[in-house]
Number of protein chains: 2
Amino acid sequence: MRIGIDVDSGERPFQELVSGALESSYQNQNISYFLIGKSDRIRDSFNDIESYSNVFLVDAKEFIQMDESPILALKKKRDATVLIGCRMLRNNTIDVFFSPGNTGATVAASVLTLGTINGIKKPSMAAFFPRIGGGETLILDIGANPETNEETLFHNAILGHAYYRVVWDKTEPTIGLLNMGAEIGKGSTNIKKAFNYLSGISSFIGNVEGYNVLNGSVDVVVCDGFTGNSILKFAEAMKELFSSTLKDVFSDKDKGKNKQNLLSYTFDALGIYKEKKRVITERITPKYFGAAPLLGVNGCVLVGHGMCSKRDLINSISLAYKLYKDKYMRKISLNVKNFLKK
Amino acid sequence: MRIGIDVDSGERPFQELVSGALESSYQNQNISYFLIGKSDRIRDSFNDIESYSNVFLVDAKEFIQMDESPILALKKKRDATVLIGCRMLRNNTIDVFFSPGNTGATVAASVLTLGTINGIKKPSMAAFFPRIGGGETLILDIGANPETNEETLFHNAILGHAYYRVVWDKTEPTIGLLNMGAEIGKGSTNIKKAFNYLSGISSFIGNVEGYNVLNGSVDVVVCDGFTGNSILKFAEAMKELFSSTLKDVFSDKDKGKNKQNLLSYTFDALGIYKEKKRVITERITPKYFGAAPLLGVNGCVLVGHGMCSKRDLINSISLAYKLYKDKYMRKISLNVKNFLKK
């Protein structure tokens, strides 16, 4: 696999992503890494970079800032990292492109350079959430498109269905429409229209609520990018709230010397708490946290968190490899085509 | 305090709410309980109900189902529980009205019967979330109004600001607009317009993201009812995901007999795990879960969960009493008035 990594557009210094890529490259000799960014300063910070046989520098003089207007910035900065990455993908120089930059700019650059899959107007981004009792639920859109309308929601359903099939190999994943209540007729005008659109799909099970994202009653939850994005970021904070509460509650060992606290202390000292906390955190973390594929464009683009860390990048590369190995692009296009033929 | 309780409109049998009210009435002799519903069947199920000196039955022949269209149902069922409750509130027969029924119907009945506070067009519902590190953040709207527009978001900001002041006695709670990114210019057309509207408020700190609902960087998070509702219900499921994971991880005692598992076993047997789990659950549960006041109407209406349990009702009565004691209605109107004068 050949992966292009935009190392300049994230919110952390470029060194964070470069060192993540180098660590990953060391462990994965079958992957070629194309680091897209200001080559000179990368060389200055990493003197030995030329010694990595599977790492290549692709010079980009500019990048798009987080607060720039995507369309204006793309017009002005013709050789921004994100455009170079998309062009490399189009020219088949790389198989996957990863960017942790301005999401709007990544979406726009992808659509302009690569185009969308036949039948899909706007791309969508999806995240897997762990379920109560095991398994995973897909939610989309999580932020590719801030506007809501019935057609976009319908396309999200098609893309989510196809993506779920590719990743979990399930023939007919069920689809639910996120709403304020399960009853028919609930929600805003757009949602009601989308409900009618979706009713034609055989695996559509109707309205679902926020609760159903985690309770296992549906495989694919369709919503607008604003709501999905808010839920994803809220989930991150909720995970942190839980971790900090867990830590507080299990380390109150100095509040007294009774039997319970003494035992808590021993528990803690043996590292049991730490190990259990690791397992818990792993189980409640959305899968492949760190990046989401831009579903619906003609190329495998992964959108990372702005605050993407070394660890997040390494996870994103694993996701990229899984998608590459599973022939994700071919399967997604085929699934959308079959879906629209029905 | 005199509270009216709609015992027929919830998703559980009426006995659940009646027994909750009776339990609460026993402990709170200073509160009068008006149970609005089918009196005959209440008497049949609770033979001794006449012996409760502070519980009164208000007969209502009909109620609005969860899947009915609010406006049509209100026209047809003139003496539905929710209309009787709102009328009692208007006639000052009760101080607070609680209903776990069809939210749309409760909102419509309240607006039609009680009217809105001067300067506010549509009511809003709010929930407090516990923060990482302590304290509470208010989020609204959580479902009174499914449509999004800049004026509604502006009114949500005013109502949230006023409500936060009443509950936490903070002079200038900060306000943030939920968005897909913190940068100016992010989000849908409606959100951008709302940003401009809100910019005139001195305590407005700008865009916030889903993460900020819990991290303590803002007091009042303003969003549309669809997103707020989805987040609230998602939070409920996330809490359950934590609980079930916690339980799984701390009770893996039979997977071997090594030192760690033996200690886990002792830990469990002494009831430490159970006690810690109780503390954790309490700390991560949104405050006053079970009901939210309908902010912006001329009367104290509490909207409960459809699945409202005995325990939820008892919590809701505590919230009602707090609002009553704190002269919530007078303060909220005054705060909105002062805010709009500025």
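Residues numbered from 1 in each chain as written. Chains lettered and ligands numbered in written order. Predicted model: local features only at pLDDT ≥ 70, side-chain atom pairs only at ≥ 80, totals over all residues.

## Examining the overall build of chain A
Moving on, step 1. Along chain A, the regular secondary structure elements total 12 helices and 11 strands.
Moving on, step 2. For 342 residues, the compact-globule estimate of 2.2 N^0.38 gives 20 Å, and the C-alpha radius of gyration of chain A, at 22 Å, lies within 12% of that figure.
Moving on, step 3. Sorting the 342 residues of chain A into buried and exposed places 51% on the buried side.
Moving on, step 4. At a minimum sequence separation of 6, the contacts of chain A that also span at least 24 residues come to 70%. (Helix = DSSP H or I, 4+ residues; strand = E, 2+ residues; numbered from the N terminus. Rg over C-alpha atoms; globule rule 2.2 N^0.38 Å. Buried ≥ 20, exposed ≤ 12 C-beta atoms within 10 Å, placed from the backbone. Contact = placed C-beta atoms within 7 Å.)

## Structural notes on the relation of the copies chain B and chain A
Moving on, step 1. Relative to chain A, chain B is turned by 180° and slid 0.0 Å along the rotation axis, the superposed coordinates differing by an RMSD of 0.0 Å. In short, the pair behaves as if placed about a two-fold rotation axis. No C-alpha of chain B approaches the rotation axis more nearly than that of B:Thr227, which lies at 2.6 Å.
Moving on, step 2. Both copies share a contact surface, since 98% of the interface residues of chain B are interface residues in chain A too. (Least-squares fit on C-alpha atoms with pLDDT ≥ 70 in both.)

## What to know about the sheet that holds strand β10 (residues 291-295) of chain B
All names here are of chain B.
Moving on, step 1. Pairing is mixed across the open sheet formed by 11 strands, whose spatial order is β3-β2-β1-β4-β11-β10-β5-β6-β9-β7-β8. Lying at the two open borders of the sheet, with one neighbouring strand each, are β3 (55-59) and β8 (204-208). The sheet shows a mean angle of 25° between the axes of neighbouring strands, direction not considered.
Moving on, step 2. Strands β4 (96-99), β10 and β11 (300-304) of the sheet are contacted by helix α5 (residues 103-114), whose axis makes an angle of about 170° with β11.
Moving on, step 3. Relative to the sheet, helix α6 (residues 150-168) contacts β5 (124-130), β6 (136-140), β7 (175-178), β9 (220-222) and β10, its axis offset from that of β9 by approximately 165°. (Pairing = 2+ DSSP bridges. Axes fitted to C-alpha atoms, helices over the stretch in contact; angles between N-to-C directions.)

## Brief notes about the domain arrangement of chain A
Residues and elements named next belong to chain A.
Moving on, step 1. For chain A, the assigned domains read domain 1 (2-120 + 296-326) and domain 2 (124-287).
Moving on, step 2. A separation of 27 Å is found between the C-alpha centroids of domain 1 and domain 2.
Moving on, step 3. Listed per partner, the contact involves 6 residues of domain 1 and 7 residues of domain 2.
Moving on, step 4. For the side of domain 1 that touches domain 2, the per-class residue count stands at 3 nonpolar, 2 polar and 1 charged. (Domains from an automatic or database assignment. Nonpolar A, V, L, I, M, F, W, Y, C, P; charged D, E, K, R; others polar.)

## Focus: the interface of chain B and chain A
Moving on, step 1. Of the residues lining the interface, 54 residues belong to chain B; the matching set on chain A comes to 53 residues.
Moving on, step 2. If you list the elements that add at least two residues to the side of chain B that touches chain A, you get α8 (225-250), α9 (259-269) and α10 (272-284) of chain B.
Moving on, step 3. In terms of residue count, the dominant contributor to the side of chain B that touches chain A is α8(B) (20 residues).
Moving on, step 4. Each residue belonging to the side of chain B that touches chain A can be placed in one class, and the counts come to 29 nonpolar, 16 polar and 9 charged.

## Some remarks on the sheet that holds strand β8 (residues 204-208) of chain A
Residues and elements named next belong to chain A.
Moving on, step 1. In space, the 11 strands of this open sheet follow the order β3-β2-β1-β4-β11-β10-β5-β6-β9-β7-β8, with mixed pairing throughout. A strand with exactly one partner marks an edge of an open sheet, and here the two such strands are β3 (55-59) and β8. Pairwise comparison of adjacent strand axes, ignoring direction, gives a mean angle of 25° for this sheet.
Moving on, step 2. The sheet contact formed by strand β5 (residues 124-130) and strand β10 (residues 291-295) spans 2 bridges and is antiparallel.

## What about the nonpolar core?
Moving on, step 1. Ranked by internal contacts, the top residues of the largest apolar core, which has 206 residues, are A:Leu35, A:Ile139, B:Leu35 and B:Ile139.
Moving on, step 2. Excluding residues that lie within four positions of it along the chain, A:Leu35 makes contacts with A:Ile5, A:Val7, A:Val18, A:Ala21, A:Ile42, A:Val55, A:Leu57 and A:Val58. (Core = buried A, V, L, I, M, F, W, Y, C linked by C-beta atoms within 7 Å.)

## Some remarks on the packing of α6(B) against helix α12 (residues 328-341) of chain B
To characterise two packed helices, one gives the angle between the axes of the helices and the distance between these axes.
All names here are of chain B.
Moving on, step 1. For the pair α6 and α12, interaxial distance at closest approach is 9 Å and the crossing angle is 130°. The angle between the axes of α6 and α12 places the two elements in the oblique class. Pair α6 / α12 crosses with right-handed handedness. On α12, the residues touching Ile-158, Leu-159, His-161, Ala-162, Tyr-163, Arg-165 and Val-166 of α6 are Tyr-328, Lys-331, Ile-332, Asn-335, Val-336 and Phe-339. (Parallel < 35°, antiparallel > 145°, perpendicular 65-115°, else oblique. Left-handed = near helix turned anticlockwise from the far one by under 90°.)

## Regarding unusual backbone geometry
Residues and elements named next belong to chain A.
Moving on, step 1. Put simply, Leu-140 and Asp-141 share a cis peptide bond, and its omega is 0°.
Moving on, step 2. Phi at Asn-92 takes a positive value of approximately 60°, unusual for a residue other than glycine.
Moving on, step 3. Within the secondary structure layout, Asn-92 lies in the loop between α4 (81-90) and β4 (96-99).
Moving on, step 4. By the C-beta count within 10 Å, which is 9 here, Asn-92 ends up exposed.

## What to know about the pairing of strand β1 (residues 2-6) of chain B
Remark: a regular strand shows side chains that alternate across the two faces of the sheet.
Residues and elements named next belong to chain B.
Moving on, step 1. Within β1, 4 of the 5 residues are buried, leaving the element largely enclosed by the surrounding structure.
Moving on, step 2. Relative to strand β2 (residues 32-37), β1 is paired through 5 bridges, and the arrangement is parallel. Bridge pairing in β2 links Gly-4 to Phe-34.
Moving on, step 3. You can see the chain leave β1, run along helix α1 (residues 14-27) and come back into β2, and the turn it takes is right-handed. (Right-handed = clockwise from strand over helix to strand, strands pointing away.)

## Comments concerning the packing of helix α8 (residues 225-250) of chain A against α8(B)
Moving on, step 1. Two numbers describe how α8(A) lies on α8(B): the axes approach to 10 Å, and their chain directions differ by 35°. For the pair α8(A) and α8(B), the sense of crossing is right-handed. Across the interface between the two elements, A:Phe226, A:Thr227, A:Ser230, A:Ile231, A:Phe234, A:Ala235, A:Met238 and A:Phe242 from α8(A) touch B:Phe226, B:Thr227, B:Ser230, B:Ile231, B:Phe234, B:Ala235, B:Met238 and B:Phe242 from α8(B).
Moving on, step 2. For the contact of α8(A) with α8(B), the residue count by class is 12 nonpolar, 4 polar and no charged.

## Considerations on α4(A)
An α-helix turns once every 3.6 residues. As a result, residues three or four positions apart point the same way.
Residues and elements named next belong to chain A.
Moving on, step 1. With 8 of 10 residues buried, α4 is to be regarded as a mostly interior element.
Moving on, step 2. All of the buried residues in α4 are Thr-81, Val-82, Leu-83, Ile-84, Gly-85, Cys-86, Met-88 and Leu-89.
Moving on, step 3. One or two residues past the end of α4 sits Asn-92, with phi positive at roughly 60°.

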